[in-house]
Structure formats: C-alpha cells, structure tokens
Amino acid sequence: MKKNKLYFLLFILFSNISMSQNIKDKKVLVVWGGWEGHKPELFATHVEKWLISQKADYIINNGLDVYDNYDQLIKYDLIIQSVTMSEISKNQEENLVKAILNGVGIAGAHGGLVDSFRNSTNYQFMIGGQWVSHPGGIIKYKVSMLDDELTKGLSDFEILSEQYYMHYDPNVKIIANTKFNGEVFPWINDVVMPIAWKKTYGKGKVFFISIGHDPDEFMLHKDGWELLTRGFLWAVR
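Here is what the cut-offs are and how they apply
Residues numbered from 1 in each chain as written. Predicted model: local features only at pLDDT ≥ 70, side-chain atom pairs only at ≥ 80, totals over all residues. Heavy atoms only, no water. Helix = DSSP H or I, 4+ residues; strand = E, 2+ residues; numbered from the N terminus. Expected span 1.5 Å × (residues − 1). Buried < 20%, exposed > 50% of the residue type's maximum accessible area, 1.4 Å probe, protein only. Arc of directions from axis to C-beta. Contact = heavy atoms within 4.5 Å. Salt bridge = Lys/Arg side-chain N within 4 Å of Asp/Glu carboxyl O. Phe/Tyr/Trp six-rings, centres within 6.5 Å; stacked < 30°, edge-to-face > 60°. Lys NZ or Arg CZ within 6 Å of the ring centre and 35° of its normal.

### Remarks on helix α2 (residues 40–53)
Next, step 1: Spanning 14 residues, α2 covers 20 Å between terminal C-alpha atoms, matching the ideal 20 Å at 1.5 Å per step.
Next, step 2: Within α2, burial applies to P40, F43, A44, H46, V47, W50 and L51. Projection of α2 onto a plane perpendicular to its axis shows the buried side chains occupying an angular sector of 160°, all on one side.
Next, step 3: On its buried side, α2 packs onto β1 (27–34), β2 (57–62), β3 (78–84), β4 (105–109), α7 (217–220) and α8 (222–235).
Next, step 4: In the segment just after α2, K55 is the residue with positive phi, at about 60°.

If you want it as structure tokens, here you go:
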C-alpha cells in the first residue's frame, strides 16, 4: 500500500515538472545522420513516438540540408539532433549557431550532439563541450543525479554503455555526473565528469545527456529517458 502511494506521488511530481513547459503544437525539428554506429535513425524513431504523444508539430530530416536556410531554422522552437562526426559547412554552422543565439532550443544525446562536427569550434562553444574519449569502451558505470528542477524524483542508476570523457565549458550547469575508476588510465581515477548539462547560448537553451551509445538504453533506463525528455521540454522556446 505504501509503495503504491509512493508511485502515485512520484507520478504527480513527474506530471507537474513535465507540464511546466508544454511542447504541444511547438515546431520541432529532428535532425539525424552521421556515423551509423550510434543508430541515429533509431534515436529519431524513439523521439518521434514521444513527440506524437506530446502533440508536437514536428519534422524529421536525415541530413544537414535543413541547416542551409536560416529563415526556415529560426521558425523552429526546438532542434533535436543526432549526428555523430560528419561535417557541417560554414554556412550551415553559421545558420545553426545564429538560430540558437536568437532563441531556438537545441538538445540531444551522446555523440549525436557532443561529437557532431569535430572541426567546428563555434558549434562546440554553443553546445558546451566535446567528446574526447570513452575509456574501456562499453562498461558498467553509475549515473548520479544532482539537485536540479530537471532531476527531481529521479534516481541514480547503473548503465552498460560508453562512459564519455569530455572537454566541457565551466559555464554549463551540470545536473548529473559520473566518476571514472582509472582502470584503463590510472591518472583519471576518481575524475568526476558530467553526464548531463543545461546552458544558455544567447536567447537559446541547450540540453545534453551523454548516455545513449545505443538509443535503446533510454528504453531500459526510465530515469535516463525521463531526464532526456525533460531536457527537451526545458530547452524548447
């Protein structure tokens, strides 16, 4: 009985947080592509199901051609990107950065956001960081939630995935983190690294979470998925 009451209270809490920003009828652009190893199309599929449930006005695009036209980009309220590596043209980068600067939100996970365009430092400055290593490859590690409006009611969990080591902007607000054990590289033992952050860039909001090497991880770890979707809601204009 007590357990049922707890579940009910958590449900109400989640509902209140989720309803604090409504994505219904908001214009959302989902962009996927790049390295197939991160299964960007599958990530886009999971996101699309959620957008349908939220009654968002969305478009899904495979490739970066949607970044060619600033006048079209600025019409969106949120961009959800899953593009690992790849290359972005100077014009596309300028349009994307300008759109976020002027109020469009951007969000994503894993290499689809923080390892997208390795030669594009203006993009990296906007996102707030860049992947540099994942010691040990696929390993088990702990995700720890920190105190923030987006993490209320969420629990720490263990995950089997790539543990991202990143160079990141000290200006980001870290809302979840992880600790390295130094088994592969002893000199990084006990280094604490962000798992998720939020930040502003001009008038726009940026949300990032580093789990999701396989997008199905979000289906296995409900608190990870909840944090991702709360990040979408937070970042939307």
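### Some remarks on the pattern of salt bridges
Next, step 1: Considering all chains together, one arrives at ten salt bridges under this definition.
Next, step 2: The salt bridge partner of K142 is D156, with a shortest N-O separation of 3.9 Å. Here the residue K142 occupies a position in strand β6 (residues 138–145), and D156 occupies one in the loop between β6 and β7 (157–162), the gap between them amounting to 14 residues.
Next, step 3: What makes D156 partly exposed here is its relative accessible area of 38%.
Next, step 4: By sharing partners, the salt bridges in this structure join D148, E149, K173 and K198 into a single network.

### Side note on unusual backbone geometry
Next, step 1: One non-glycine residue, S86, adopts positive backbone phi at about 65°.
Next, step 2: Mapped onto the elements of the fold, S86 is located in the loop between β3 and α4 (90–101).
Next, step 3: S86 gets classed as partly exposed once you look at its relative accessible area, which sits at 36%.
Next, step 4: One non-glycine residue, D190, adopts positive backbone phi at about 70°.
Next, step 5: Among the secondary structure elements, D190 is positioned in the loop between β9 (173–179) and β10 (192–201).

### What to know about the packing of aromatic side chains
Next, step 1: Per the stated rule, a full pass over the model turns up ten aromatic pairs.
Next, step 2: Judged by centre distance (4.8 Å) and plane angle (45°), the rings of W197 and F208 are tilted. Taken together, the residues W197 in strand β10 and F208 in strand β11 (residues 204–209) connect sequence positions eleven residues apart. Side by side, W197 and F208 carry an identical accessibility label, which is buried.
Next, step 3: A connected cluster of aromatic rings, assembled from ring pairs, spans F43, F218 and W225.
Next, step 4: Cation over ring: K98 sits above Y70, and NZ or CZ is 4.4 Å from the ring centre.

Spatial relationships are all this shows, so hold off on functional conclusions.
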